[in-house]
Each structure stands twice: as structure tokens, then as C-alpha cells.
Amino acid sequence: MLDSKSTPPSKDKVTGQDIFQKIISEGQSYDAIPDPPSSRTHDSARSTVSEASEVDEDFVTLDWALHEEQGYAEAHRRAQSLEAMPSGLRAVLKIYDAMQGWIALTLIGCATGLLAALVAIGSEWAADLKFGYCYSENGFAHHFWITRKLCCKHTIDDETCPLWRHWHEALGLALGVPLDDAGWGIDYACYILVAILQAVAAARICVTLAPYAAGSGITELKVILGGFVIKKFLGAATLVVKSVGLIFSVGSGLGLGKEGPFVHLGCCVANIMSRAFGKYRHNESKKRELLSCAAAAGVAVAFGAPVGGVLF
């Protein structure tokens, strides 16, 4: 018994005339008989998906079933290629193929932690740069990239640190005139100037080099995990620009944190590293599993709470 929903309509919705009688009376062939609605919907959806997969645009939805089929086909192809190899090499490659997920997650976690450490150190250095810089007798640039805490680690009080030079001291040496009397005013002006320059630099590189690096990125990640494609949002340029911009924006004293951006950075790392593994390279469905784990890694390094990252 046919389903009523799968049968073609018997009457024209406009004229009310029987469609089959109308086609026969007009001398048309049976090819003019309309397909069932479910068939038309399926074919149009399939064609829309195939066309969308070829469109190089943002916010294109994924066909989960199609990507699952591609994943199974890729796994079958890898299995066939392994069977043609010598037994010893085949056993090693089978173990590697089975452990690709664990290897990828380990590398993503380590890379995310290392990147978070670099951003934390860089933001601390940028914050200290508003007060002065570390120098040595060997030259200006010898210890310039060292934070104040590391520069004055052998002294009890940072204010009496012999290696830390305030901006009024540096300006007095450059002009050849002691400026100790106006030191607080010069230091205050330099504090504001350096903070503004850092904030402007962070905003400028985001606007010109990687617009997707702006913001926390968590909202867009939810969209991506829901099945949408946002090109360049998880690319290498976004990773670099967001890391540098985060250092300058946090160092300038803007009212923002590193928690949300760390989640975005972790997902950028996962997206880049997934290209090195055949199981995830062309399978967007499996790649989103890595992105979910990378989001957990970002929360874990931001708060120092691995269990909290997993719950997130």
C-alpha cells in the first residue's frame, strides 16, 4: 500500500483539473507527470548539498550523511592499501591508523598548552613594558624581552632593582639630562602612550590581517560545531594574529580576558594539525570531534583545570 505522502498530487492546485487528464488531453508524454514530493525533495536536497560543497563561501551547512559516507570510503581505501603492504609494515601502519585519534589529541593538547604559556609570558612582558624595560651593561636589546619579574628575580624589592630602567631614566640618559624631579609625570605619560600603542596595534592587525581573530570566538565555534563552515576562522593567519593581538590587548590593560580566546586558539591548533592525519583531513564530521576536544583543552589551559575543560 502506497503512502499518501509519497503519491503525486492528482489535481492542479490552481485550476482544480485532474492532472493526468490534463496531460493526456494536451498530448504530452508521461514524462510530464510530476514526481512524488518526497522524491523531489530528496533530489533537490542532494543537488543543493553537492552544489554547496563546491561553493567557496562562508556559512555553508554540512551534509553529515555525505561526510559519514566519505569517511567510510576513506577508511575502506586505507584498509585496502594496507593489505597490499608487507606484513610487518602493515601491522605497524594498522596500529598507527588505530591510534591516529590519540596521537592527534596528544599533540593538540601539548601545542595548546605551549601556546598558552607563550601568550601568558608575552602579555606579562607587554604589561611591564608600560613601566620600563630590563637592560644590561652589554646593551639595550640584550635583556629588553625579559619580564620585570625575571629581570629582578635576585632582588627583594622591584623598585630598587638595578637592572630595571624606568622610562624617565631612559629618556634622561637619551637627552643627557637627569629627569628625576619630573620622573612621575614622564612615567605616567609613557604608561598611557605605551598602553594606547599596544591597543591600537592589536586592533589594527586584527582588522587588516585576520578579521576573524577579533572577539572571543566561542560563539562562532558553536556555529561551526553545529555544522556550518566558516572559512579562515580556524586558519594559520587567525592563529598568529589572535596570539599576537591577545598579548598586546591584555598587556595594554583592556577589560578582557584570555579564557575565550584560548578556546579559539586551541581549535585553530586542532584544525591545522588535523591536516596531518588522513582520518581527519577530508572528513569534516570527524574533524569536529577534534575541535570539541580542542575547546576543552583551551578551557583547561585558561583556568588550569583539566576536569573543568572536559565538563565544558
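Residues numbered from 1 in each chain as written. Predicted model: local features only at pLDDT ≥ 70, side-chain atom pairs only at ≥ 80, totals over all residues. Heavy atoms only, no water.

> Residues and numbers for the overall build of the protein, please.
From N to C terminus, the protein includes 14 helices and 4 strands. Evaluated residue by residue, the protein yields a buried proportion of 34% over its 312 residues. When contacts within the protein are restricted to residue pairs at least 6 apart in sequence, long-range pairs at least 24 apart make up 62% of them. Surface accessibility of the protein: about 18900 Å² in total, with carbon and sulfur atoms responsible for 64%. (Helix = DSSP H or I, 4+ residues; strand = E, 2+ residues; numbered from the N terminus. Buried < 20%, exposed > 50% of the residue type's maximum accessible area, 1.4 Å probe, protein only. Contact = heavy atoms within 4.5 Å. Areas by Shrake-Rupley, 256 points an atom, 1.4 Å probe, with all protein chains shown as cover.)

> Describe in detail the packing of aromatic side chains, supporting the description with residues and values.
Within a pair of aromatic rings, the relevant descriptors are the distance that separates the centres and the angle that separates the planes. For the structure shown, the criterion picks out 4 aromatic pairs. Plain terms: the ring middles of Phe 131 and Tyr 191 are 5.3 Å apart, the flat faces sit at 65° to each other, and that makes the pair edge-to-face. Linking Phe 131 in the loop between helix 5 (100-128) and strand 2 (132-134) with Tyr 191 in helix 8 (residues 183-208), this pair joins segments that are 60 residues apart in sequence. For Phe 131, a relative accessible area of 37% corresponds to the partly exposed category. By relative accessible area, Tyr 191 is classed as partly exposed at 32%. Their ring planes at 55° and their centres at 5.4 Å tell us that Tyr 133 and Trp 167 sit as a pair that is tilted. A residue pair is termed long-range when its members are at least 10 positions apart, and Tyr 133 in strand 2 and Trp 167 in helix 7 (residues 167-175) qualify at 34 residues. Residue placement shows Arg 165 over the ring face of Tyr 135; its charged tip is 3.7 Å from the ring centre. (Phe/Tyr/Trp six-rings, centres within 6.5 Å; stacked < 30°, edge-to-face > 60°. Lys NZ or Arg CZ within 6 Å of the ring centre and 35° of its normal.)

> Residue-level account of the state of the cysteines, with values.
Enumeration over the complete set of coordinates arrives at 2 disulfides. What pairs with Cys 134 in a disulfide is Cys 151, and their sulfur atoms sit 2.1 Å apart. Taking the torsion about the S-S bond as the criterion, the Cys 134 to Cys 151 disulfide, at about 75°, is right-handed. Of this pair, Cys 134 sits in strand 2 while Cys 151 is found in helix 6 (residues 148-151), placing the two residues 17 residues apart along the sequence. Cys 134 sits in the buried class, given a relative accessible area of 2%. Paired through a disulfide, Cys 152 and Cys 161 show a sulfur-sulfur distance of 2.3 Å. Taking the torsion about the S-S bond as the criterion, the Cys 152 to Cys 161 disulfide, at about -100°, is left-handed. For Cys 161, a relative accessible area of 7% corresponds to the buried category. Distance from the sulfur of Cys 268, which forms no disulfide, to the nearest cysteine sulfur (Cys 267) is 7.3 Å. (Disulfide = S-S within 2.5 Å.)

> Report on the side chain of Gln 198, specifying residues and quantitative values.
Relative to the helices and strands, Gln 198 resides in helix 8. Setting aside residues no more than four positions away along its own chain, Gln 198 makes contact with Ala 126, Leu 129, Phe 248, Gly 251 and Ser 252.

> Which residues make up the pattern of salt bridges, and what are the values?
Counting across every chain of the model gives 3 salt bridges. Here Lys 287 ties to Glu 284 by a salt bridge, and the two come within 3.5 Å at their closest N and O atoms. Of this pair, Lys 287 and Glu 284 both sit in helix 13 (residues 284-303), 3 residues apart, which is roughly one turn of the helix. Classification of Glu 284 as partly exposed rests on a relative accessible area of 21%. We note a salt bridge from Lys 286 to Glu 289, for which the minimum N-O separation is 3.4 Å. Remark: Glu 289 and Lys 286 occur in helix 13; sequence separation between them is 3 residues, near one turn of the helix. Among the residues examined, Glu 289 registers a relative accessible area of 41% and is labelled partly exposed. Sharing partners across several salt bridges, the network here consists of Glu 284, Lys 287 and Arg 288. (Salt bridge = Lys/Arg side-chain N within 4 Å of Asp/Glu carboxyl O.)

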